[in-house]
Amino acid sequence: LWETVTSSFASFIHAAQPEHLSQTVRQRSKRMILDSIGVGLVGSTTRVFDIALRYCRLYSSVAVSSVYGKPGVKLSPTLAAFTNGVATHSMDFDDTWHPATHPSGAVLPALLAASQMLPPNTKPNGLDFLLAFNVGLEVQGRLMHFSTEAHDIPKRFHPPSVVGTLGSAAATAKLLSLSSAQCCHALGIAASLAGAPMANAATQAKPLHVGNATRLGLEAALLAARGMEANPLILDDIPGCSGFSAFYSVYHPKPLSAPGEHHEFLLEKQDIAFKRFPAHLGMHWVVDAALSVRNLFINYAGSFSPSLIRTIVLKIPVSKYINRPFPSSEHQARHSFQFNACAALLDGEVGLGSFSESSIHRQELRELLDKVVVEHPEDNVANFDKMYGEVALLLHSGDVLTGKCDTFYGHWRKPLSKESLLKKFRSNASHVLPEEKIEAIITLVDNLENLMGACLVQVELLLAKM
Amino acid sequence: MWAKTVTENFAKVIHGLNANQLTDQVIQRSKRMILDTLGVGLLGTSTEVCHKVAQYSKIYSSDLSSTIWGHLDFRLPPLYAAFVNGVAVHSMDFDDTWHPATHPSGAVLPALISLSEALPQKKKISGLDLLLAFNVGIEVQGRLLHFSREARNIPKRFHPPAVVGIMGSAVACAKLLALDQLECQNALAIAASYAGAPLANAATQIKPLHIGNAAKHGLEAACLALQGLQGNKQILDMESGMGAFYTDYNPQTLPTLQSYPWLLEQQDVAIKRFPAHLATHWVADAASSVRRKLVESSENLLPLDKIEKVILKVPEVKYVNRPSPASEHEARHSFQFVACSALLDGSMSVQSFTSENVHRPALRELLCKTQLEHPPDNTPSFDSLYCQVSVMLRDGNAISDCCTTFYGHWRKPLSKEDLEKKFQSNALGILPTEAIEGIIETVYNLEKVEDCSVLSTFLSGQSPRALPEKLHFL
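The numbers attached to residues start from 1 for each chain and follow its sequence in the written order. Working convention: letters from A go to chains and numbers from 1 go to ligands, in the order in which they are written. Where totals are concerned, whole chains, interfaces and linings use all residues; where local detail is concerned, this predicted model gives features only for residues with pLDDT of at least 70, and gives and counts side-chain atom pairs only at 80 or more. Only hydrogens and water are set aside; all other atoms, that is, all heavy atoms of the structure, feed into the side-chain values.

**So, the overall build of chain B**
Rules: Labels follow the DSSP assignment, with helices taken as runs of H or I lasting at least four residues and strands as runs of E lasting at least two, numbered in each case from the N terminus. Note on exposure labels: buried denotes an accessible area under 20% of the residue type's maximum, exposed denotes more than 50%, and partly exposed covers the range between, all computed with a 1.4 Å probe on protein chains only. Whether two residues touch is decided by their heavy atoms; if any such pair falls within 4.5 Å, the residues are in contact. Shrake-Rupley sampling with a 1.4 Å probe provides the accessible areas, and residues are treated as covered by the protein chains on show and by no other component.
Helix and strand counts for chain B stand at 18 helices and six strands. For chain B, the residues scored as buried account for 66% of the 474 residues in total. At a minimum sequence separation of 6, the contacts of chain B that also span at least 24 residues come to 73%. For chain B, the computed accessible surface area is about 16400 Å², with 50% contributed by carbon and sulfur atoms.

**Remarks on the overall build of chain A**
The number of helices and strands found in chain A is 18 helices and six strands. In chain A, buried positions account for 65% of the 466 residues. Long-range pairs, those at least 24 residues apart, make up 73% of the contacts in chain A between residues at least 6 apart in sequence. Accessible area for chain A stands at about 15500 Å²; split by element, carbon and sulfur atoms hold 53% of it.

**A closer look at the UniProt feature "domain: MmgE/PrpD C-terminal" (unreviewed entry) in chain A**
Using the following cut-off: UniProt positions are given in the numbering used here, feature names are shortened, and annotations may be inferred rather than shown by experiment.
Within this numbering scheme, the UniProt entry marks residues 277-449 of chain A as carrying the feature "domain: MmgE/PrpD C-terminal" (unreviewed entry). Annotated as 42% helix and 14% strand, the span residues 277-449 of chain A places its first and last C-alpha atoms 29 Å apart.

**Quick look at the packing of aromatic side chains**
Going by this rule: Side-chain rings of Phe, Tyr and Trp (the six-membered ring for Trp) are treated as a pair once their centres are within 6.5 Å; stacked means planes under 30 degrees apart, edge-to-face means over 60, and tilted covers the remaining angles. When the NZ atom of lysine or the CZ atom of arginine is within 6 Å of a ring's centre and also within 35 degrees of its normal, the charge is said to sit over that ring.
Throughout the structure, instances matching the rule amount to 22 aromatic pairs over all chains. Following the ring pairs from residue to residue traces out a cluster consisting of Phe146, Phe157, Phe244, Phe247, Tyr248 and Tyr251 of chain A together with Phe158 and Phe245 of chain B. Above the plane of the ring of Phe94 of chain B lies Lys422 of chain B, whose end atom (NZ or CZ) is 4.2 Å from the centre.

**Here's the deal with the sheet that holds strand β6 (residues 398-403) of chain B**
Strand pairing in a sheet is mediated by backbone hydrogen bonds. Such pairs are either parallel or antiparallel. Residue and element names in this part refer to chain B. The test is simple: For two strands to be treated as a pair, DSSP must find no fewer than two bridges joining them. Note on method: axes are straight lines fitted to C-alpha atoms, helices fitted across the in-contact stretch only, with angles between N-to-C directions ranging 0 to 180 degrees.
Read from one edge to the other, the open sheet built from four strands follows the order β4-β3-β5-β6, with strand pairing classed as mixed. Strands at the two margins of the open sheet, each flanked by one partner only, are β4 (370-373) and β6. Between one strand axis and the next, the sheet turns by 15 degrees as a mean value, whatever way the strands run. Of the pairings in the sheet, the one linking strand β5 (residues 387-393) to β6 comprises six bridges and is antiparallel in character. Following the sheet pairing, Val389 is matched in β6 by Asp401.

**Focus: the pattern of salt bridges**
All names here are of chain B. For the record, the criterion: Here a salt bridge means any side-chain nitrogen of Lys or Arg lying within 4 Å of a carboxyl oxygen belonging to Asp or Glu.
Scanning the entire structure with this criterion turns up 28 salt bridges over all chains. Put simply, Arg273 and Asp285 hold a salt bridge, and the shortest N to O gap is 3.0 Å. With a gap of 12 residues between them, Arg273 in the loop between α10 (263-266) and α11 (279-294) and Asp285 in helix α11 connect regions that are remote in the sequence. In this structure, the salt-bridge partner of Lys318 is Glu316, at a minimum N-O distance of 3.9 Å.

**A look at the environment of Thr23 of chain B**
Here Thr23 of chain B shows up in the loop between α1 (6-16) and α2 (24-44). Judged by relative accessible area, Thr23 of chain B falls into the partly exposed class, the value being 31%.

**As for the sheet that holds strand β5 (residues 389-395) of chain A**
Residue and element names in this part refer to chain A. An order of β4-β3-β5-β6 is seen for the four strands of this open sheet, with the pairing classed as mixed. The sheet terminates laterally at β4 (372-375) and β6 (400-405), the two strands that pair on one side only. For this sheet the average axis-to-axis angle between neighbouring strands, irrespective of direction, equals 20 degrees. Note: strand β3 (residues 309-315) against β5, six bridges, orientation antiparallel. The residue of β5 that forms the bridge with Val313 is Ala392. Against the sheet, helix α13 (residues 337-347) makes contact with β3, β4 and β5, and its axis sits at roughly 130 degrees relative to β3, the strand it touches most.

**Some thoughts on unusual backbone geometry**
For the bond from His98 of chain A to Pro99 of chain A, the omega torsion is -5 degrees, close enough to zero to count as cis. Inspection of the secondary structure assignment puts Pro99 of chain A in the loop between α4 (77-89) and α5 (103-117). Here the bond from His99 of chain B into Pro100 of chain B is cis, since omega is 0 degrees, no more than 30 degrees from zero. Backbone geometry places Asp93 of chain B, a non-glycine residue, at a positive phi of 55 degrees. With respect to the helices and strands, the residue Asp93 of chain B is situated in the loop between α4 (78-90) and α5 (104-116).

**Notes on the packing of α5 of chain B against helix α9 (residues 207-226) of chain B**
Between two packed helices, both the angle of their axes relative to each other and the distance between the axes serve to describe the pair. Residue and element names in this part refer to chain B. Put simply, the rule is: In these notes the angle categories are as follows: under 35 degrees is roughly parallel, over 145 is roughly antiparallel, 65 to 115 is roughly perpendicular, and the rest is oblique. With the far helix as reference, a near helix turned anticlockwise by less than a right angle produces a left-handed crossing, and one turned clockwise produces a right-handed crossing. Residues were grouped as follows: Ala, Val, Leu, Ile, Met, Phe, Trp, Tyr, Cys and Pro as nonpolar; Asp, Glu, Lys and Arg as charged; and all remaining residues, including Gly, as polar.
One way to put it is that α5 packs onto α9 with a least axis distance of 8 Å and a crossing angle of 45 degrees. On the basis of the axis angle, α5 is oblique to α9. Here α5 runs over α9; the crossing is right-handed. On the side of α5, the interface is formed by Gly106, Ala107, Pro110, Ala111 and Leu115, while α9 contributes Ile211, Ala214, Ala215 and Leu219. Classifying every residue of the contact of α5 with α9 gives eight nonpolar, one polar and no charged.

**Concerning the pairing of β5 of chain A**
Residue and element names in this part refer to chain A. Judged by how many residues are buried, β5 sits mostly within the fold: six of seven residues are covered. Pairing of β5 with β6 involves six bridges; the strand directions are antiparallel. What sits directly across from Glu390, in β6, is Lys404.

**A word on helix α11 (residues 281-301) of chain A**
The cut-off we apply is this: Here the expected span of a helix is defined as 1.5 Å times the quantity of residues minus one.
Under the 1.5 Å per step criterion, the end-to-end length of α11 of chain A is 31 Å for 21 residues, consistent within 8% with the ideal 30 Å. Looking at the residues trailing α11 of chain A, positive phi occurs at Gly302 of chain A, about 90 degrees.

**So, helix α16 (residues 416-427) of chain B**
All names here are of chain B. Just so we agree on the cut-off: Comment: arc refers to directions from the helix axis out to C-beta atoms.
An ideal rise of 1.5 Å per residue puts 16 Å on 12 residues; α16 measures up with 17 Å between its terminal C-alpha atoms. If you check which residues of α16 are buried, you get Leu419, Glu420, Lys422, Phe423, Asn426 and Ala427. Seen end-on, α16 carries its buried residues on one side only, within an arc spanning 155 degrees. Exposed and oriented more than 90 degrees from the buried face of α16 are Glu417 and Lys421. Downstream of α16 by a residue or two, Gly429 has a phi angle that is positive, lying close to 85 degrees.

**Focus on the side chain of Arg362 of chain A**
As for its position among the elements, Arg362 of chain A is in the loop between α14 (357-360) and α15 (363-370). Setting aside chain neighbours within four positions, we find Arg362 of chain A in contact with Leu346 and Asp347 of chain A.

**So, the packing of α4 of chain A against α5 of chain A**
Residues and elements named next belong to chain A. At a minimum axis separation of 8 Å, α4 and α5 run at an interaxial angle of 150 degrees. The angle between α4 and α5 places the two elements in the roughly antiparallel class. The crossing of α4 and α5 is right-handed. The segment α4 lies against α5, with Pro77, Ala81, Asn84, Gly85 and Thr88 engaging Gly105, Pro109, Ala110, Ala113 and Met117. Residues belonging to the contact of α4 with α5 are distributed by class as follows: six nonpolar, four polar and no charged.

**Some points on the side chain of Asn134 of chain A**
As a reminder of what qualifies: A 3.5 Å cut-off defines polar contacts: any pair of N or O atoms within that distance qualifies, except that in protein one atom must be a possible hydrogen donor and the other a possible acceptor, and neighbouring residues in sequence count only when both atoms are side-chain atoms.
Among the structural elements, Asn134 of chain A can be located in helix α6 (residues 126-144). Assessed through its relative accessible area of 1%, Asn134 of chain A is described here as buried. Here the side chain of Asn134 of chain A touches Leu130 of chain A through a polar contact of 2.9 Å, landing on its backbone oxygen. Leave out the neighbours within four places in its chain, and Asn134 of chain A touches Phe265 and Leu267 of chain A together with Leu22, Val26 and Ser30 of chain B.

The structure is reproduced here in structure tokens:
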């Protein structure tokens with residue numbers, strides 16, 4: 001029974017008992033406990049403690065922020081942001097940018113929660129809200145340009161947890177009209193709350209990365225608003241003592257142009273990709289390629305007949321966390337080139353239902369998965385701007401049918417039409433909201449820059465009301 | 001209008017951007033994003049993961065609450081009690097330090113005490129349960145630090161409490177909650193996704209939050225694991241797991257439980273005598289000793305005008321090299337400041353870092369005469385570093401002293417009396433005497449305490465006379 005390091009830790013934690021504590025250990029640890037308490041008590045007289053405390057007291061009373069789709073439920077602002085952020089990334093259905101991150105989920109929940117916190121007469125209007133949202137996106141994009149590492153599909157830290165946290169802090173700071181110095185500290189505080197390892201991608205914990213990014217960024221801004229101070233050089237290169245550079249091995253920070261004539265928002269030049277089905281972005285290329293070859297196959301054979309297929313060859317970039325021959329959970333399935341290709345081949349489409357338990361474990365799907373081999377052509381770079389997906393069916397007859405996709409529909413080079421985007425929204429929202437509310441939200445967002453302050457509240461309420 | 005640093009520049013731009021700069025393209029694209037995100041979020045509320053976090057978050061809407069140390073007047077939800085008390089512990093850099101380097105207790109104890117007050121079904125926790133959970137939290141931190149050679153030296157990239165501290169808090173809470181093995185494994189995985197804070201925030205006001213957040217997020221990770229949330233089962237094994245925080249990473253399995261060799265058994269912690277970075281404690285001892293040689297009696301003032309130069313031979317630790325600290329946080333992270341303070345006053349204390357003392361002219365004058373040297377044999381490791389303080393006088397004489405092990409270091413631990421004195425001095429004015437003595441007694445007899453909620457009661461400042469029955473030892 002080969003034990004992993006991780007499971008050895010888990011068994012230790014679980015199995016340790018008081019009798020395992022030696023005398024020395026007891027004695028030393030009691031000394032530590034005593035000292036720790038004393039130090040904490042004297043520490044309660046400090047200014048930093050004061051700020052932290054005043055911040056936390058927000059949460060001892062009324063919960064004010066709405067939770068998507070849950071009528072009557074209110075939570076404290078940061079926890080509402082957290083919950084809504086988790087919801088946003090729960091199925092890997094949210095937007096993706098280049099360089100790679102999921103920008104909106106890290107920013108929007110924080111802004112909604114923050115605007116609910118504000119007293120009625122200071123509520124932001126739609127344009128303020130839109131501006132803050134864009135500041136949050138812009139900061140994320142600019143930060144990613146500090147490192148060439150960020151251009152490729154990530155390997156070490158999950159980008160939303162790195163840049164997303166700072167994006168959320170920046171957006172919230174903007175919405176709350178913090179001073180320039182406070183904006184600086186919000187970034188610094190956020191940096192100390194950033195960073196989650198890639199290994200939790202393709203697990204149930206991954207959605208927390210976005211939930212925490214939006215929540216902790218909000219927290220950072222709220223702390224900065226109350227006077228908390230951090231390192232004012234957090235984004236700069238500090239030799240011998242890492243700031244934000246801690247998250248990258250190559251780091252070249254660059255200043256942002258002042259807003260006005262010279263500044264151009266990154267979103268202007270680089271659009272976002274919207275997903276058509278809830279899975280990792282990389283899956284979208286192989287699905288389009290698979291659908292294309294499926295059509296060829298149906299023309300060839302009259303119908304989709306798996307028995308005619310000897311091997312399915314996937315030509316994909318190298319990226320360990322999305323290369324899974326036999327995924328066993330929905331989270332793994334959303335991060336599996338093989339699974340998505342086979343589901344597309346079998347069903348002619350990939351949608352919400354493709355990732356249910358029964359769908360994942362279907363016999364015919366498993367049989368198809370058995371036939372898959374992957375190849376990593378050198379020219380297929382692990383980069384959302386450059387990669388492609390190719391699916392080849394090697395038939396028993398000797399014939400080979402191929403489908404290739406350079407740019408899937410929904411990618412920034414081939415954006416979803418307004419109709420397709422609305423269709424996706426209506427389909428998603430209909431799971432929890434009635435039609436009138438759905439249409440009202442569409443109208444409100446479409447008119448966002450014209451909304452007065454009070455109207456923005458309506459968006460929040462619509463999200464939560466039955 | 002030009003900012004001098006990238007960071008300042010970002011802040012200026014964030015602050016200065018206004019709606020006029022939004023172009024149509026940007027407006028249009030971002031509205032599409034907002035709409036899509038809302039839809040995706042609404043849909044996502046039907047997922048299992050979302051259901052779990054919502055259940056978890058609702059805890060904070062009820063009247064569950066925990067003690068804020070030193071306060072009887074109000075309480076906070078457990079997560080925030082852990083946060084606030086954790087910040088308190090590290091607020092002055094006065095808490096313990098271990099080898100390899102981290103601040104182990106502050107990340108664990110506040111979370112445990114907070115949690116013990118808020119357990120489901122008001123379950124009773126004994127002192128021994130608390131002691132066990134505490135030690136599991138310490139042990140795991142130590143073991144993780146041994147996975148990388150980088151960890152042996154004073155850090156440069158990530159602040160260790162934010163990396164291993166949160167893991168320690170998660171496992172300690174998992175232990176107290178009696179999670180099953182799989183849940184413990186998930187607690188580790190979930191905690192990893194909260195880990196990591198850059199070192200650049202040391203010596204600023206935010207540093208204490210590294211400990212506060214470690215405590216809070218570790219508790220959260222354990223609670224989420226209890227709700228059934230799952231993460232990567234090999235989080236400690238993978239380079240893209242905990243390995244993400246290190247450049248060299250070699251995870252190893254733990255020894256078997258049979259006569260378990262706790263790290264704390266072989267390697268004690270250092271307890272600080274004054275609230276500043278550990279490396280300054282060597283400097284303080286050497287400087288105090290030099291002062292005694294320079295000045296006949298402690299009432300006499302240091303002969304400032306006779307001093308030409310002060311040379312400190314210290315290891316190279318950039319974030320503790322501050323020739324002219326401007327805030328208390330910087331002063332706590334300055335070799336130079338502590339050396340000069342100790343030379344002027346004879347010893348260091350909590351008072352050494354007040355604003356008046358940080359800015360006094362005599363100190364500033366001495367700071368101007370102070371310089372650092374980094375001998376190549378002086379390695380930046382708390383186990384092997386040394387500090388030499390040399391005062392060069394105008395008459396050509398030089399007085400030196402070198403400290404290899406300060407009093408409070410693990411090689412020369414504080415006596416029981418001095419540990420108690422530190423505690424009493426710290427708690428004075430915040431808790432009544434009976435509570436102070438009550439805590440000392442309770443902790444010394446912790447493994448015999450039947451119900452450790454008595455500790456929380458003392459911590460809130462409540463008079464023990466009101467609850468005689470709680471002081472019941474097994």
